[in-house]
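# Coordinate inspection notes
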2 protein chains.
Amino acid sequence: MEDEAIPSDPRMVARGRGGRLARRALRAGRVGAAAVVAGVRRAIPAYELLAEEGIVRLETAIDALLQEIGLEFRGDPQALRLWHDAGADVDGERVRFPRGLVRDIVRRTTPARFIHHARNPARSVAIGGSDVVFSPAYGSPFVHDIDEGRRYGSIEHFRNFVKLAYLSPWIHHSGGTVCEPVDLPVNKRHLDMVYAHIRYSDKAFMGSVTAEERAEESIAMARLVFGTAFVDTHCVVMGNINVNSPLVYDAAMSKALRAYARANQCTVVVPFILGGAMGPVTTAGAIVQSMAEAMVGVALCQLERPGSPAILGNFLSSTALRSGAPTFGTPEPALGSLIVGQLARRLGVPLRCSGAFTASKLPDGQAMLESAVSMQAAVQCGANFVLHAAGWLEGGLAMGYEKFVLDADFCGALHTYLAGIPIDDDAIALEAFREVGPGKHFFGCAHTLRHFETAFWESGLADNTSFEQWRDAGSQDSMRRANDRWRAMLAAYEAPPIDPAVDEALLAFMAKVKEDRPDMWH
Amino acid sequence: MEDEAIPSDPRMVARGRGGRLARRALRAGRVGAAAVVAGVRRAIPAYELLAEEGIVRLETAIDALLQEIGLEFRGDPQALRLWHDAGADVDGERVRFPRGLVRDIVRRTTPARFIHHARNPARSVAIGGSDVVFSPAYGSPFVHDIDEGRRYGSIEHFRNFVKLAYLSPWIHHSGGTVCEPVDLPVNKRHLDMVYAHIRYSDKAFMGSVTAEERAEESIAMARLVFGTAFVDTHCVVMGNINVNSPLVYDAAMSKALRAYARANQCTVVVPFILGGAMGPVTTAGAIVQSMAEAMVGVALCQLERPGSPAILGNFLSSTALRSGAPTFGTPEPALGSLIVGQLARRLGVPLRCSGAFTASKLPDGQAMLESAVSMQAAVQCGANFVLHAAGWLEGGLAMGYEKFVLDADFCGALHTYLAGIPIDDDAIALEAFREVGPGKHFFGCAHTLRHFETAFWESGLADNTSFEQWRDAGSQDSMRRANDRWRAMLAAYEAPPIDPAVDEALLAFMAKVKEDRPDMWH
């Protein structure tokens, strides 16, 4: 896959220093106008937590795990055949990997960076290198807002979150299963989900992975939008593949993975390891397992179709020791992410890592603290694709409306963080000191006036007014302000234009599939 | 000042990996028993944001600012005399510093690390090197809790926060002006504040800096506790000196600074620069100014008494561009802290940096997100003394009860963060993979059982239960849980023992000073 330039209109696409155009649009109150920030580029170094010795020790352990224990591929003879042909030791469904084999396959053909195309070319994003993409949370059966509390997800809620992501300048991607539309049959809801991403947004999106045919149909719908030839040579949809940790790929997952790879579409390979349950309780052990499992998935993409785009993912978690419940925003996964970033950079493949995680049921202090810790780890570890960057509540069981806009606002702050601090003569400002001198103020000096409007990140949701102003405006906490915000955004939403012929083709495709297949509800 | 070993009872002092003893005490519900964690040691590297070139550029600019513009010392002829004798160019009250002079004075005699003694030797903390000390917020005129809202501080509230800090295992230090006791005369309240630190806690504390005589009297009270000879050779109290930015020391500040240095007590020198007001609006310029101002203060301590302990402080802030109000927890100060850390390490002096900052009026999502960003910068930048680590609300105008315990809990998480991730054979756990294998769970394996109790940080305030458990327990948000916590802590508080003769001497000293001096109320 070639490393294409991202199509961009420089007047529309604000990258790097916080996306000023987008910010101005937002300040101007145009919450309904989707400001364009097509990804953000990292200008700061990653946080190098471990010295070389520790990294080599982990790599050696990953190779030992792959060689000695290996993984199982259950119910997918074609995957076993591919591994056998690649030189792995296949024993029944168990696959063991000669030292260095997986690493070599991953390195040989996995693109270090590729373009994930959106139907609006100005929204296409780069995955890999110094590019960072924020994508909504994924997979919640429930939704939450502070007025109505928690209830099951539906296609209506699904569309709402697609619209909110479309309208959020700091969310670059439309995501995948932004919530489960449990009001639709399980064997058909992927059609409505993919359609919602295409129809109500023009950002890049993810397709279904819950069965091979659903993956195929997600890709088929993308072909109706982008054209068959284009899709064969460009990434236009991605699938998020979970490993059945520890050390197992079941047939549904490995076949969906191969479906995306076969179509030259991107696969995100993500082990989810709850320490002490699906993997060792120690973080080092969980990292070794996670890397081994993800590398095997990325390598299988390369065996299915060399050069197909893939993202090495991970999801480290911690556990409440008394109850066994997962915990989030804790120190161990944050540090673990930094280490995973170091390992991924040495492999040279794009990384998915971390998200706005929390165990809280509300977008309260706990939620925002845990999410801040977790998202800072994402940008500090060098993640390229940050799934779950907005909306996550309750360990992923609920997608929150207020949480979504609060998280999206923090993604804006992280744009500025990623841009770093310029160190040049103008920024050092000796000229300003000469103008002002001891004991005077800098309000009116030329340097201040020149930089004032763009000097600092300014949240669109934080309250920085005086106590009296805040009290007189109703003493709102941040979740109440967030409630006002998402309601205003949805009220002002306008769908992006779509070619009526494409829309018709999509609707016809969906109608045909739905007609041909009886509903399944579990 | 010698680099003493910290007196410690290994059964009582839990350092490094999260202070397990303290954690267990807390879990056991003994909220009234002050678990002991005397500081925490950093086992992770600092986050190196800038490459050598950028750092050198900043150092060159700091030297240029000191040489060309210089600083003013207003109303303190003795300070001017010290600078003149050290080789500076003194012109009226303006002092200009030949290139390298300030840096040389700082480097020559400032201790890289020293012990800040507490009246309970097990609570003494090390300042500098890889040691990190968390201290409460400082200086708020108001206090806040969610039941009664915001009101003025008082000596009663002051004592409450001293008690809460005493009871918090992750807060190592009793702080200074934990809130302003506005019910006491301004020229006498320092006596009651210092007495409260000594009487209601046994952790190390800070004295007054608002006038030279108040600094002297704070030190005099410390002498009654520790003995005159001990105080002359050991740090037992510290003063937090604010620079009158830009580039001015007024007489009150430089004289209080010299009082602490003269007594061989620690001075924390802290410029507070609101970008665009008291300094350049660009972060690089604010860093240059802050470093120049703080280095001059630390150097003045060394001129007053070579070898006296000092901490190089800074307080970078950002501004809401529309209103000019200060903002907190934003990206620029977080990144700025990382750079300041790099500069401080090259000077070889202890660093004070960052805190649990927020502009929010409540301990809500905004507050905890902003504080998390700011506190992560503190531990990542290599700060040794973190003032404002707990309680800060509303840009420092209010000290919050719920905020205090929420922040203190996060300080606990940061203990685990600072400990890093062990990478050894036991943690890598190949043995566990051999025992468990693909598709099985790790619940009962030997490795899990061995590590389970100490594997993860577990918050004492976060809710990690299921939605149903949380709902049935009253659907509390984190500030409501924090309210229960601080009330329970104060209810269970028991004062640490104190020698009755010392107590009597302190009370007699205070009575004498109060009698001899008419009340001042402003």
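See the structure shown above.
For clarity, every value in this text was computed on a predicted model and none was experimentally measured. (Residues numbered from 1 in each chain as written. Chains lettered and ligands numbered in written order. Predicted model: local features only at pLDDT ≥ 70, side-chain atom pairs only at ≥ 80, totals over all residues. Heavy atoms only, no water.)

## Here's the deal with the overall build of chain A
In terms of regular secondary structure, chain A is built from 19 helices and 20 strands. Its C-alpha atoms give chain A a radius of gyration of 23 Å, near enough to 24 Å, the size a compact globule of 522 residues would have. Split into buried and exposed, the 522 residues of chain A put 68% on the buried side. Sequence-distant contacts in chain A: of pairs separated by 6 or more residues, those separated by 24 or more amount to 76%. Put simply, chain A shows about 16,200 Å² of open surface, and 54% of that area lies on carbon and sulfur atoms. (Helix = DSSP H or I, 4+ residues; strand = E, 2+ residues; numbered from the N terminus. Rg over C-alpha atoms; globule rule 2.2 N^0.38 Å. Buried < 20%, exposed > 50% of the residue type's maximum accessible area, 1.4 Å probe, protein only. Contact = heavy atoms within 4.5 Å. Areas by Shrake-Rupley, 256 points an atom, 1.4 Å probe, with all protein chains shown as cover.)

## So, helix H5 (residues 155-167) of chain B
Given 3.6 residues to a turn, an α-helix orients residues that are three or four positions apart in the same direction. Residues and elements named next belong to chain B. In this model, H5 (13 residues) spans 18 Å end to end at C-alpha, consistent with the 18 Å of a helix rising 1.5 Å per residue. Counting buried positions over the 13 residues of H5 gives eleven, a clear majority of the element. Listed in full, the buried residues belonging to H5 are Ile155, His157, Phe158, Asn160, Phe161, Val162, Lys163, Leu164, Ala165, Tyr166 and Leu167. Where the residues of H5 are buried, they touch strand E8 (142-145), strand E9 (149-152), helix H6 (189-200), strand E19 (398-400), helix H13 (401-419) and helix H18 (478-492). (Expected span 1.5 Å × (residues − 1).)

## Re the packing of helix H10 (residues 283-304) of chain A against helix H11 (residues 331-347) of chain A
Pairs of packed helices are described in terms of their axes, by the angle between the two and the distance that separates them. All names here are of chain A. Between H10 and H11, the least distance of the axes is 10 Å, while the angle of their chain directions is 40 degrees. As summarised for this structure, H10 and H11 are arranged oblique, according to the angle between their axes. The crossing of H10 and H11 is right-handed. Facing Thr283, Ile287, Met291 and Met295 of H10, the residues of H11 in contact are Glu332, Gly336, Ile339, Val340, Leu343, Ala344 and Leu347. (Axes fitted to C-alpha atoms, helices over the stretch in contact; angles between N-to-C directions. Parallel < 35°, antiparallel > 145°, perpendicular 65-115°, else oblique. Left-handed = near helix turned anticlockwise from the far one by under 90°.)

## Quick look at the environment of Gly396(B)
All names here are of chain B. Within the fold, Gly396 resides in the loop between strand E18 (392-393) and E19. According to the relative accessible area criterion, Gly396 is buried, its value standing at 10%. A sequence separation of 322 residues divides Gly396 from Arg74, and the C-alpha atoms of the two residues are 27 Å apart. Sequence-distant contacts of Gly396, that is, excluding residues within four places in its chain, are made with Gly139, Ser140 and Pro141.

## Structural notes on the environment of Phe134(B)
Residue and element names in this part refer to chain B. Locating Phe134 in the fold gives a position in strand E7 (residues 131-134). Taking relative accessible area as the criterion, Phe134 reaches 0% and is therefore assigned buried. Measuring from C-alpha to C-alpha, the distance between Phe134 and Leu247 comes to 28 Å, with 113 residues separating the pair along the chain.

## Concerning the relation of the copies chain A and chain B
Superposing chain A onto chain B takes a rotation of 180 degrees plus a shift of 0.0 Å along the axis, which leaves an RMSD of 0.0 Å. The transformation just described matches what one would write down for a two-fold rotation axis. Minimal C-alpha distance to the rotation axis in chain A is attained by Gly365(A), lying at 2.0 Å. (Least-squares fit on C-alpha atoms with pLDDT ≥ 70 in both.)

## Topic: the packing of aromatic side chains
With the rule as written, the count across this model stands at 37 aromatic pairs over all chains. Residues Trp83(A) and Phe97(A) carry aromatic rings whose centres are separated by 4.8 Å and whose planes lie at 80 degrees to one another, so their mutual orientation is edge-to-face. Of the two residues, Trp83(A) is situated in helix H3 (residues 77-86) and Phe97(A) in the loop between strand E4 (94-96) and helix H4 (101-109); the sequence distance between them amounts to 14 residues. By the burial criterion, Trp83(A) is buried, and Phe97(A) matches it. Ring plane angle 70 degrees and centroid distance 5.7 Å describe the contact between Phe328(B) and Trp392(B), whose orientation is recorded as edge-to-face. Highlighted residues: Phe328(B) in the loop between strand E15 (326-327) and helix H11 (331-347) and Trp392(B) in strand E18, separated in sequence by 64 residues. There is no split in this pair, since Phe328(B) and Trp392(B) are both buried. Cluster of aromatic residues (ring-pair linked, three or more members): Phe272(A), Phe315(A), Phe328(A), Phe357(A) and Trp392(A). Above the face of the Phe467(B) ring, Arg150(A) is positioned so that its terminal group lies 4.0 Å from the ring centre. (Phe/Tyr/Trp six-rings, centres within 6.5 Å; stacked < 30°, edge-to-face > 60°. Lys NZ or Arg CZ within 6 Å of the ring centre and 35° of its normal.)

## Some details on the packing of H11(A) against helix H12 (residues 365-381) of chain A
Residues and elements named next belong to chain A. With their axes 9 Å apart at the nearest point, H11 and H12 run at an angle of 20 degrees to one another. Taken together, H11 and H12 sit at an angle that is classed as roughly parallel. Relative to H12, the crossing made by H11 is right-handed. Taking contact as the criterion, the partners of Ala334, Ser337, Leu338, Gly341 and Arg345 in H11 are, on H12, Val373, Ala377, Gln380 and Cys381. Looking at the contact of H11 with H12 residue by residue, the classes come out as five nonpolar, three polar and one charged. (Nonpolar A, V, L, I, M, F, W, Y, C, P; charged D, E, K, R; others polar.)

## Topic: unusual backbone geometry
Of note, the bond from Ser245(A) into Pro246(A) is cis; its omega dihedral lies within 30 degrees of zero at 0 degrees. Position of Pro246(A) among the secondary structure elements: in the loop between strand E11 (237-243) and strand E12 (248-250). Its identity is not glycine, yet Ala429(A) carries a phi of approximately 70 degrees, on the positive side. Here Ala429(A) shows up in the loop between helix H14 (425-428) and helix H15 (430-436). Here the phi dihedral of Glu394(B) falls at roughly 55 degrees; this positive angle occurs in a residue that is not glycine. Structurally, Glu394(B) is set in the loop between E18 and E19. Assessed through its relative accessible area of 7%, Glu394(B) is described here as buried.

## Structural notes on the pattern of salt bridges
All names here are of chain B. All chains considered together, the criterion is met by 74 salt bridges over all chains. Between Glu213 and Arg517 there is a salt bridge; the shortest N-O distance is 3.6 Å. One end of the pair, Glu213, is in helix H7 (residues 212-226); the other, Arg517, is in the segment after helix H19 (500-516), with 304 residues separating them in the sequence. Classification of Glu213 as partly exposed rests on a relative accessible area of 39%. Assessed through its relative accessible area of 16%, Arg517 is described here as buried. Note that Lys512 and Asp516 form a salt bridge whose closest N and O atoms lie 2.6 Å from each other. (Salt bridge = Lys/Arg side-chain N within 4 Å of Asp/Glu carboxyl O.)

## Things to note about the interface of chain A and chain B
Chain A puts 114 residues into the contact, and the matching count from chain B is 114 residues. Surface buried jointly by chain A and chain B totals about 9,600 Å² across both partners, of which 68% is contributed by carbon and sulfur atoms. Seen at the junction of chain A and chain B, the total is eight salt bridges. Viewed at the interface, chain B and chain A are joined by 33 residue pairs in polar contact (both at pLDDT 80 or more). (Buried area = accessible area lost by both parts, 1.4 Å probe. Polar contact = N/O pair within 3.5 Å; in protein donor to acceptor, adjacent residues only side chain to side chain.)

## Quick look at helix H9 (residues 251-262) of chain B
Residue and element names in this part refer to chain B. If you check H9, its first and last C-alpha atoms are 16 Å apart, about what twelve residues at 1.5 Å a residue would give, namely 16 Å. Among the twelve residues of H9, nine are classified as buried, and the element is accordingly described as predominantly covered. Among all positions in H9, only Ala251, Met253, Ser254, Ala256, Leu257, Arg258, Ala259, Tyr260 and Ala261 are buried. Positive phi appears at Asn264, one or two residues downstream of H9, with a value of about 65 degrees.

## Quick notes on the sheet that holds strand E2 (residues 71-73) of chain B
All names here are of chain B. With respect to topology, four strands assemble into an open sheet ordered E3-E4-E2-E12, the strand pairing being mixed. What marks the edges here is a single partner per strand, and that holds for strand E3 (89-91) and strand E12 (248-249). Sheet topology note: the E2/strand E4 (residues 94-96) ladder contains two bridges and is antiparallel. Residue Glu72 lies in a different strand from E4, and its bridge partner there is Arg94. (Pairing = 2+ DSSP bridges.)

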